[in-house]
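Residue-level structural notes
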Amino acid sequence: MATVMPKKKRSLLQGNEAIALGALAAGCRFFAGYPITPASEISEVLSAQMPQVGGTFIQMEDEIASMGAIIGASIAGVKSMTATSGPGFSLMQENIGYACITETPCVVVNVMRGGGSTGLPTCPGQGDVMQARWGTHGDNPIIVLAVSTVTDCFDITVRAFNLSEKYRIPVVLLSDEVVSHTRETVIFPSPQDIEIVDRITPSVPPEWYVPYENNSTGIPDMAAFGAGYRYHITGLVHDERGFPTQHPEEIKIFTNRLFRKLAQGLHEIQIVKTFMMNDADVAVIAYGSVTRSAQRAVVDARSKGTKAGLLQLITLFPFPERLVDKVLKQCKRVLVPEMNMGQIYREVQRVNQGKTDVKKYNRIDGQFITPDEILGELLLEE
Amino acid sequence: MPKEITKLIHKYLRHDKKFPHVWCPGCGNGVILGSLIRAIDRLGLTKDEIVLASGIGCSGRMPVYVDFNTLHTTHGRALTFATGIKLAKPSLTVITVMGDGDATAIGGNHFIHAARRNVNLTAIIINNQIYGMTGGQFSPTTPYGSHAATAPYGHIEHAFSIAELAVTAGAAFVGRGTVYHVQILDKLIKAAVLKRGFSVVEIISNCHIQFGRRNEMGNPVTMMEWMRDNSVTVEKAEKMPSEDLEDKFTIGILADEEKPIYTEEYDKIRERAGD
């Protein structure tokens, strides 16, 4: 699918609107969703714009169905997406696992709200980070990205589709109530500057097609249903032909390949941004909307003589261990502020292994972490 | 079985798939698969344009044996995947096969909404009144008073009538058959696949292993005799008093309506949106 860019060069947009426009730019032509705060605007924008570009929008009966529908559309060869928040994300886990095991590209947006269960529908939170990684049962790898600005919402949504298509894997895009409901000016890249990746489809004749081939990249070519390559897709562990298997050798080959295909692509899957890190000896590691406050806090700390820097994690999983490790080796203190009780903090500590002083800062009261709070933590021991 | 019919079925089986199949000897699923193949063959559809999607359970294993675009999805969700496929590629003929528990317990919500939405799909629902694969637990169609692995003292819930549920939910075409009345079944499946709109065929089948055994219904042959003796055609049923129809299966076409099809309606949306 060709890219469809917004008509204007720049727009004042809400994060959710930018996610919708990013999806269209990436070539997404199928969206299925179910209403939920604070993600509903993504559905609303796409209900208007999908039919304008020849795509399809459908509101399903629940999030389980939405997830099933986008997998179906992707199997038929169309890039697809759904969007939800925590409660809906819980319902999607079953079919997210199906997309992992069947290696069906799709993008799942979770605009995180506060609290567990029905929680705090109109407040921000970052409590779904580990659910995004481990929410579905079994031991499947998945890609999780997090956005912090409205511009990110556009750009990273395109990246999410590209990674999903290239690696044949569902990509979870984590936004939060702050990013999704903030309005900022987005300057769109020109169409020739946008990289669009489409899945590789088989070029061999149908009788030579091996749908789950254990090839060198670990990523088999993907035929769309109806393209003349008749094959079987199942959520059962399958052999290279797609048929269910219980042979330990075949199970091992299959499961190892799922991990191998990501391990071979970490250089482009693991995306981070650094800010004032060159000479920093104190660092903040942040993601999502907290990055916004962290950036300001770093500038303020510098004006007070503290050599602070920021590592923004865009890719949360596969966790960017080497890039985090570099910061841990460089800095005498690292702060991990999050709107949860320390989910990425534990990942950072796992990499740290006692190398440096890592502190967490957490808010779970449905309120945004302010720059002053982070600044206070940065200056605490100066 | 006449040679031509065996030959016809072999034309659609996957020769690189390891047989034998997982179904118990005497299972009604084989009769239904044969009927489905004959319907597709008579309609002259090519293998490439057929998608056969299933959920979980004994019925869920049907797609793997046949040489179509086949999809074995999650429990109860076959219709949601089928909806995505059909909307993304309306030229495909998308058929789902589900069991009674699959379609009306865990998938009940998807089932009624698919009927209401009227996407051009065919839903074949094999009703053997029990969860067979997991060992004979009661399903939404297990009759009141009968026995199941999780109803050892008799079942105290009341059964869904799948075909009537589909009619009420708005399905464009609804038929009911049994694995005993194979010629009627062939016609029902053919009509359902041909139907423009959401079509449902409920098929009464025998699970002599998990349902029949617990309820003293005997072997596959005696269960088929039970289907023969307890089925009434729609035409006959119209002339019978309702009290005579209790505990009977009405077989034939229960609904056949012309309704706007989702994909065609959506084409109009695209025009309105200025595609």
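In this report, the structure presented in the accompanying data block is examined. (Residues numbered from 1 in each chain as written. Chains lettered and ligands numbered in written order. Predicted model: local features only at pLDDT ≥ 70, side-chain atom pairs only at ≥ 80, totals over all residues. Heavy atoms only, no water.)

**Side note on empty space enclosed by the protein**
Residue and element names in this part refer to chain A. Tallied over the entire structure, the rule returns 1 cavity of 30 Å³ or more. Of the voids in this model, the largest cavity is the one considered here, and its volume is about 80 Å³. Lining of the largest cavity is provided by 10 residues; of these, Arg333, Val334, Leu335, Lys359 and Glu377 occupy positions nearest its centre. Broken down by secondary-structure element, the contributors of at least two residues to the lining of the largest cavity are strand 12 (282-286), strand 15 (333-338) and helix 13 (371-379). Top contributing element to the lining of the largest cavity by residue count: strand 15, with 3 residues. A class-by-class count of the residues in the lining of the largest cavity yields 6 nonpolar, no polar and 4 charged. (1 Å grid on protein atoms, 1.4 Å probe; cavity = no way out; pocket = protein on both sides within 12 Å on 5 of 7 lines; lining within 4 Å. Points joined across faces, edges and corners; volume = space filled by probe spheres on them. Helix = DSSP H or I, 4+ residues; strand = E, 2+ residues; numbered from the N terminus. Nonpolar A, V, L, I, M, F, W, Y, C, P; charged D, E, K, R; others polar.)

**Observations regarding the nonpolar core**
Ile42, Met81, Leu316 and Ile344 of chain A together with Phe198 of chain B are the most contacted members of the largest nonpolar core, which totals 136 residues. Looking at this core, the element that brings in the most residues is helix 6 (residues 150-167) of chain A, giving 9 residues. Grouped together as the second largest cluster of nonpolar side chains are 37 residues, Ile9, Ala39, Val66 and Ile251 of chain B included. (Core = buried A, V, L, I, M, F, W, Y, C linked by side-chain atoms within 4.5 Å. Buried < 20%, exposed > 50% of the residue type's maximum accessible area, 1.4 Å probe, protein only.)

**Remarks on helix 7 (residues 182-194) of chain B**
All names here are of chain B. Taking 1.5 Å of rise per residue, the 13 residues of helix 7 would be expected to cover 18 Å, and the 18 Å separating its terminal C-alpha atoms lies within 8% of that figure. Of the residues making up helix 7, those classed as buried are Leu185, Asp186, Leu188, Ile189, Ala192 and Val193. Looking straight down helix 7, one finds its buried side chains confined to an arc of 165°; they lie on one side. Residues Gln183, Lys187 and Leu194 are exposed on helix 7 and point more than 90 degrees away from its buried face. (Expected span 1.5 Å × (residues − 1). Arc of directions from axis to C-beta.)

**A closer look at the sheet that holds strand 7 (residues 231-233) of chain B**
Either a parallel or an antiparallel arrangement is found when strands of a sheet pair, and the pairing is made through backbone hydrogen bonds. Reading across from one edge, 10(A)-2(B)-1(B)-3(B)-4(B)-6(B)-5(B)-8(B)-7(B) is the order of the 9 strands in this open sheet, with mixed pairing throughout. Looking at the sheet topology across the chains shown, the edges are occupied by strand 10 (232-234) of chain A together with strand 7 of chain B. Ignoring strand direction, the axes of neighbouring strands in this sheet form an average angle of 20°. Here strand 5 (residues 173-178) of chain B pairs with strand 6 (residues 199-204) of chain B via 6 bridges, running parallel. Looking at the pairing, Phe173 of chain B lines up with Ser199 of chain B of strand 6 of chain B. In this fold helix 7 of chain B packs onto strand 3 (93-99), strand 4 (122-127), strand 5, strand 6 and strand 8 (249-256) of chain B, with an angle of close to 160° to the strand it touches most, strand 5 of chain B. Relative to strand 7 of chain B, helix 9 (residues 220-229) of chain B is tilted by about 40°, and along the sheet it contacts strand 5, strand 6, strand 7 and strand 8 of chain B. (Pairing = 2+ DSSP bridges. Axes fitted to C-alpha atoms, helices over the stretch in contact; angles between N-to-C directions. Contact = heavy atoms within 4.5 Å.)

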